[in-house]
Amino acid sequence: MSSHTDNDPLEELKKTSTGVENKKLAMWAFLASDCMFFGTLISTHLIYRKVYPDVEDVIDIFDIELTGFSTFILLMSSFLMALSVSAAHKNNLPSMRWCLGGTIFFGLIFLGCQVYEFQHFVFDKDLTLSSSIFGSTFFVLTGTHGVHVALGIFWLGSWLIYSFTDRYKRENALDVEVAGLYWHFVDVVWIIIFTVVYLVEYIEF
Amino acid sequence: MDASQNTSNSVDHHLAEEHQKYFTFFNVSIALIMLTAIELVIVYVPIHPGIVMGSLVVMSLIKFLAVIWWFMHLRWDMILCTLVFLSGLIIATGTVIALMLLFSEDPSGAPMI
Amino acid sequence: MSSHHSPDSAAAHSEPTGLWHRPLKKTGWVGFLTTVDHKKIGIAYALGALFFLLVGGVEALIIRLQLMVPENELISARLYNQLFTMHGTTMIFLAVMPLSAAFFNYIMPLQIGARDVAFPRMNALGLWCFLLGGILINMSWFFDQGAPAIGWFAYAPLTDRQFSPDIGTDFWIMGLQILGIASLVGAFNFITTILNMRAPGLSMMRLPVFTWMTLITSFLIILAFPAITIALVELMFDRHFGTYFFNVDGGGKPILWQHLFWIFGHPEVYILILPAMGIISEVIPVFSRKTLFGYPLIIFSGAVIGFLGFAVWSHHMFTTGLGIVATTAFAFLTMLIAIPTGVKIFNWIGTMWGGRLRFTTPMLYAVGFIWMFMMGGFTGIMHSSPPVDAQQQDTYFVVAHFHYVLIGGSIFALLCGIHYWFPKVSGRIMDETWGKINFYTVFVGFNIAFFPMHILGMTGMPRRTHTYKEEMGWAEPNFWATIGALMLGFGILSCIIQMIYSYYKGAKSPNDPWGGRTLEWATASPPKEYNFAYTPVIHARDQVWEDRHGTPEKRMDKIAPDPEHGIHMPDQSWWPLITSFGIFFACLGIVFFRYEFTFFGSLSYTNGIGLLVVGLVVTLVGIVKWALEGPGGYHLYPDAEDMEEIRQSQSKN
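For every chain, the first residue of its written sequence is number 1, and the numbers climb from 1 along that sequence. Ligands are numbered from 1 and chains lettered from A, in the order in which they are written. Owing to the predicted nature of the model, reporting of local features is limited to residues with pLDDT of at least 70; listing and counting of side-chain atom pairs is limited to 80 or more, with chain, interface and lining totals taken over all residues. Neither water nor hydrogens contribute to the side-chain values; these are computed over all heavy atoms in the structure.

A. Seen up close, the overall build of chain B. Within chain B, the regular secondary structure consists of 3 helices and 0 strands. Think of it in three bands: residues with accessible area under 20% of the maximum for their type are buried, residues over 50% are exposed, and the middle band is partly exposed, with areas taken using a 1.4 Å probe on protein chains only. Looking at chain B as a whole, 42% of its 113 residues qualify as buried. Taken as a whole, chain B presents about 6200 Å² of accessible surface, with 73% of it coming from carbon and sulfur. Strands are runs of DSSP state E lasting at least two residues, helices are runs of H or I lasting at least four, and both sets are numbered from the N terminus onward. For the accessible areas, the method is Shrake-Rupley and the probe is 1.4 Å, while residue cover comes only from the protein chains on display.

The following block contains the structure:
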């Protein structure tokens, strides 16, 4: 605690039975749980794609250039996130703020792409939640992922703002790292969704 | 930063390590982008769909593992974090695969419900 | 006990941090509503769970009275359906799970020598979400079509709006979501606490078995609940937004609901029974005056049960026609689970073998557990064979089976735990004579109620049937089942009355009335706010036993707190309560999404979006303020008596 000013406060947080910080361990447990969460959603989508392969002309609906672009964006945001965590650990606040800002900016572009994609599907392609089973599973799966992205942006944005206040302390680097773990996880979920929801539709069996 | 006055040897060592990580992260992100580009192209290449499918699976898996291994610091963290995460990942993967198999044709020809 | 606030948290205490100043009062309503103390939270969990146990029990008794005689018309068929739905939901989610959570909260931190859990405010959020979730589900009784009538597993397509247009189903969906949040935040907390906050020297293989089972159960919760969360979200979308996840009109497959439900539902069965096994593994060695036989095997088989629990869900669905390969695989895996379960039973028997047994009330419940749980287990193994299962599916045989494992198993073990740890929690002991009378009432009543159901099931009586004809020949077993159920209900009620009586009038108990073996018996009864005045340094698995009987080098070392800084304690907070109310109102908004309220016959209000937005805003504000407030903390100093104890132990070593 505060009494040991001669030690690095980040190292103090590691003084647990296992040597892993409490918040980080809880976050990894949460991510394990989230694997099941998205696993169930992705299974629902894949099962109905498998049972009803021809329910919609999916290739006509999808716009792989846009999705490919937003995938790049999300991967880049993950790179910036890793740099923010690194900067936070170095206690280089200006660098951390720029990288966090960049992460949030790219996250917002990704969300913008998704909003555009959704309205394009609904208004131009007549794909809605209740137009077909494909619409139901697609929107709920990608929408849930989008909600995760939005929550991540909110979370990272909170730390960006907080870092400008004098309440930001050395040990908050851990909190930025934990928020970063969440952000990276949202990114890996998208890596899976991009492959199994979008790309495999383009394979001609 | 008042915290920087607290720096000790361990923190200096820490700094050097963090500088090193920048290059790792950069290389990983380049690799991720290259793999995504290959994924985007390969689905249009007129080869056997099984090969395409297989390479998509392998490439996504590499991307997935790269992000959790380097970006999410599992490489530098205690093994416990990896184990906790793997518990969920393995059970989730098993469940997805089992569900996909359950919704396939039964080899004995039982009708699917 | 003196206390003062540390310099680092002084700022947080002197300036207002929101709508209110940070609550400091420990007593009264403010103290209760803002508490972060794992012991108070544990007691609140227990009280809530016992209340819902009575509610679910009354529902069960009405069901039994309806079935007491053939062609009875005590209640309508719809009310009957609502009662068995609510009975199952209440008993599983609102009675057994939270009662286990009460023990996790109260006992586990004491067993590992921790001051509190890793995230005390999250723990409070779990408690409030549990209570509000229970209230939300039961609110459905007060709306025009009443409670849900869909069974606790809510099979599609019955839950479709076309077949269940009532609002009760929506209450059920959203209530379960809140309860899911409660279980999940609790589980993340326990995992972190057990792994990270163990006393020095308390390695994983020295952990008490109950703590181990808490850890395994928490992993089961975090991995099983997401499946039901998603299934409920999909069902909610089907009902509110016209998606086709389980709606046959658009190609939805009702079988998918069964899969998703049982992917959660089967691990849930182990979530209900593993804590019970943990309690039994604590009680039997104490009253056999022997160490637990095969400790590593008990831990390992618990973990194997947990893992295999994710690989057997389809055995609930043998009769749906999964295909030969799937059916065979799931039958095989299900039979496999009998092995680790059998290992545990042999270990308990091995512990008792050659021990100097004391048949106190907790021990009676523990031995009763072994016997009754074995009977439930045997019928369970029968179900794992698909052809046998096809005969027994949806009959009273299945009802008998799972009541043997859930009452004869879980509830017996939880009652055992209540009797065993009551002196620790209250400082008073429950009367043995009265306890034994209660045990025999519960034990005999339980068997009279549920043993005839095996016969009823074998002769073909279906589950969830409102009534039956005299000619079926089911009248006599049903009559006895009802008599037994009344006796069981009386026994449980008597137990609860005895608890209340003992709390006020029971004989004073010493710190360790049983000759306990684990760390919770080393501290005061009831434990002081800071649990342990010292930091215990552990040298053995059965540390408290070693302190009494072991060699000197195995005695516990006690590290006195820093005289300057004392013991660090977390601060109380309003925000968990406020956040949980935000979640509650948001869920209520979704329930009312399509519901039309009519006031005074004409005024109507038709959508819940307003309520949803209000709820989400409150949740958001709650979370942000929670984060800004920080964990806080103040320092406590052990009293003179505690310091004297530490000094004595240090001079002895």
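Next comes the rest of the account.
B. Spotlight on the packing of helix H3 (residues 38–67) of chain C against helix H13 (residues 396–426) of chain C. Residues and elements named next belong to chain C. Working convention: axes come from line fits to C-alpha atoms, limited for helices to the stretch in contact. Angles between N-to-C directions cover 0 to 180 degrees. One way to put it is that H3 packs onto H13 with a least axis distance of 13 Å and a crossing angle of 145°. Here H3 runs over H13; the crossing is left-handed. Together, Ile43, Leu50, Leu53, Arg64 and Leu67 of H3 and Tyr396, Ile411, Ile418 and Val425 of H13 make up the contact between the two elements. In the contact of H3 with H13, the residues fall into 8 nonpolar, no polar and 1 charged. Left-handed describes a crossing whose near helix is turned anticlockwise from the far helix by less than a right angle; the clockwise case is right-handed. When checking whether two residues touch, look at their non-hydrogen atoms; a contact exists if any pair is within 4.5 Å. Throughout this entry, Asp, Glu, Lys and Arg are counted as charged residues, while Ala, Val, Leu, Ile, Met, Phe, Trp, Tyr, Cys and Pro are counted as nonpolar. The remaining residues, Gly among them, count as polar.

C. Here's a closer look at the packing of helix H4 (residues 64–90) of chain A against helix H7 (residues 172–198) of chain A. All names here are of chain A. Here H4 crosses H7 at 160°, and the two axes come no closer than 9 Å. By the angle between their axes, H4 is roughly antiparallel relative to H7. Helix-helix and strand crossings are classified by hand; for H4 and H7 the assignment is left-handed. Counted by class, the contact of H4 with H7 contains 15 nonpolar, 8 polar and 2 charged residues. Note that the term roughly parallel is reserved for angles under 35 degrees, roughly antiparallel for angles over 145, roughly perpendicular for angles of 65 to 115, and oblique for everything else.

D. The arrangement of the domain arrangement of chain C in detail. Residue and element names in this part refer to chain C. Under the domain assignment, chain C is made up of domain 1 (38–193), domain 2 (203–357) and domain 3 (359–509). The gap between the C-alpha centroids of domain 1 and domain 2 is 19 Å. The interface is formed by 38 residues belonging to domain 1 together with 35 residues belonging to domain 2. The quantity reported as buried area is the accessible area (1.4 Å probe) lost by two parts once they are put together, taken as the sum for both. At the boundary of domain 1 with domain 2, total buried surface from both sides reaches about 3200 Å², with 72% on carbon and sulfur atoms. Salt bridge criterion: a side-chain nitrogen from Lys or Arg within 4 Å of a carboxyl oxygen from Asp or Glu. For the interface between domain 1 and domain 2, the tally reads 1 salt bridge. Here Asp170 ties to Arg239 by a salt bridge, and the two come within 2.8 Å at their closest N and O atoms. Polar contacts here mean pairs of N or O atoms no more than 3.5 Å apart (in protein, one a potential hydrogen donor and the other a potential acceptor; neighbouring residues in sequence count only if both atoms are side-chain atoms). Seen at the junction of domain 1 and domain 2, the total is 11 residue pairs in polar contact (both at pLDDT 80 or more). Taken together, the residues of the side of domain 1 that touches domain 2 break down into 25 nonpolar, 9 polar and 4 charged. By convention here, the domain bounds are inherited from an automatic or database domain assignment.

E. Highlighting the nonpolar core. We call a set of buried Ala, Val, Leu, Ile, Met, Phe, Trp, Tyr and Cys residues a nonpolar core when their side-chain atoms join them within 4.5 Å. Ranked by internal contacts, the top residues of the largest apolar core, which has 312 residues, are A:Phe62, C:Phe93, C:Trp348, C:Phe369 and C:Phe412. Residues in contact with C:Phe93, not counting those within four places in the same chain, are C:Pro98, C:Phe130, C:Trp152, C:Leu176, C:Leu179, C:Phe225, C:Phe264 and C:Glu268.

F. Focus on unusual backbone geometry. All names here are of chain C. The step from Ala156 to Pro157 runs through a cis peptide bond, and the omega angle for that step is 0°. Following the sequence through the fold, Pro157 ends up in the loop between helix H5 (120–139) and helix H6 (167–196). The linkage connecting Ser525 with the following residue, Pro526, adopts the cis geometry, with an omega of -10°. Residue placement: Pro526 occurs in the loop between strand S3 (507–508) and strand S4 (535–537). One non-glycine residue, Arg464, lies in positive phi territory at about 50°. Here Arg464 lies in the loop between helix H14 (432–458) and helix H15 (475–505).

G. Representation of the interface of chain B and chain A. Taken together, the contact pairs 53 residues of chain B with 53 residues of chain A. When the two sides are added together, the surface that chain B and chain A hide from each other amounts to roughly 4800 Å², 79% of it contributed by carbon and sulfur. The largest share of the area that chain B buries against chain A comes from B:Leu40, B:Met72 and B:Met100, three residues that together contribute 12% of it. Run the count over chain B and chain A and you get 1 salt bridge. The partner of B:Asp77 in a salt bridge is A:Lys24, and the shortest N-O contact between them spans 2.8 Å. Here chain B is connected to chain A by 5 residue pairs in polar contact (both at pLDDT 80 or more). Per element, the largest residue contribution to the side of chain B that touches chain A is 16 residues, and it comes from helix H1 (residues 9–42) of chain B. A class-by-class count of the residues in the side of chain B that touches chain A yields 36 nonpolar, 12 polar and 5 charged.

H. Fine view of the interface of chain B and chain C. Each partner contributes to the interface: chain B provides 15 residues, whereas chain C provides 21 residues. At the boundary of chain B with chain C, total buried surface from both sides reaches about 1500 Å², with 83% on carbon and sulfur atoms. Taken together, the connections running from chain B to chain C amount to 0 salt bridges. Connecting chain B to chain C are 0 residue pairs in polar contact (both at pLDDT 80 or more). Residues belonging to the side of chain B that touches chain C are distributed by class as follows: 10 nonpolar, 4 polar and 1 charged.

I. View of the pattern of salt bridges. Residues and elements named next belong to chain C. The final tally for this structure, using the stated rule, is 26 salt bridges over all chains. In this structure, Asp170 engages Arg161 in a salt bridge whose closest nitrogen and oxygen atoms are separated by 3.4 Å. Among the ionic pairs, Arg647 bridges to Glu644, the shortest N-O distance being 3.0 Å. Here Glu644 and Arg647 lie together in helix H19 (residues 640–652), a separation of 3 residues that amounts to about one turn.

J. Local environment of the environment of C:Lys558. Residue and element names in this part refer to chain C. Mapped onto the secondary structure, Lys558 falls in strand S5 (residues 557–559). Accessibility expressed as a relative area gives 15% for Lys558, which makes it buried. In this structure the C-alpha to C-alpha distance between Lys558 and Leu616, which are 58 residues apart in sequence, comes to 47 Å. Leaving out residues up to four positions away in the same chain, Lys558 has contacts with Tyr534, Thr535, Glu645, Ile646, Ser649 and Gln650. Among the polar contacts made by the side chain of Lys558, one reaches the side chain of Glu645 at a distance of 3.1 Å.

K. Focus on the confidence of the model for chain B. All names here are of chain B. Summarising the model, chain B shows a mean pLDDT of 85, and 84% of its residues fall at 70 or more. For every residue, the predictor assigns a confidence score, pLDDT, that lies between 0 and 100. Mean pLDDT across the secondary structure elements of chain B bottoms out at H1, with 84, and peaks at helix H3 (residues 79–102), with 95. This stretch, residues 1–8, has a pLDDT under 50; its non-local contacts, to residues over four places away or in other chains, come to 7 contacts.

L. Spotlight on the side chain of A:Glu201. Residue and element names in this part refer to chain A. Mapped onto the secondary structure, Glu201 falls in the segment after H7. Judged by its relative accessible area of 15%, Glu201 is buried. Looking at Glu201, its side chain comes within polar contact range of the side chain of Arg49, at 2.8 Å.

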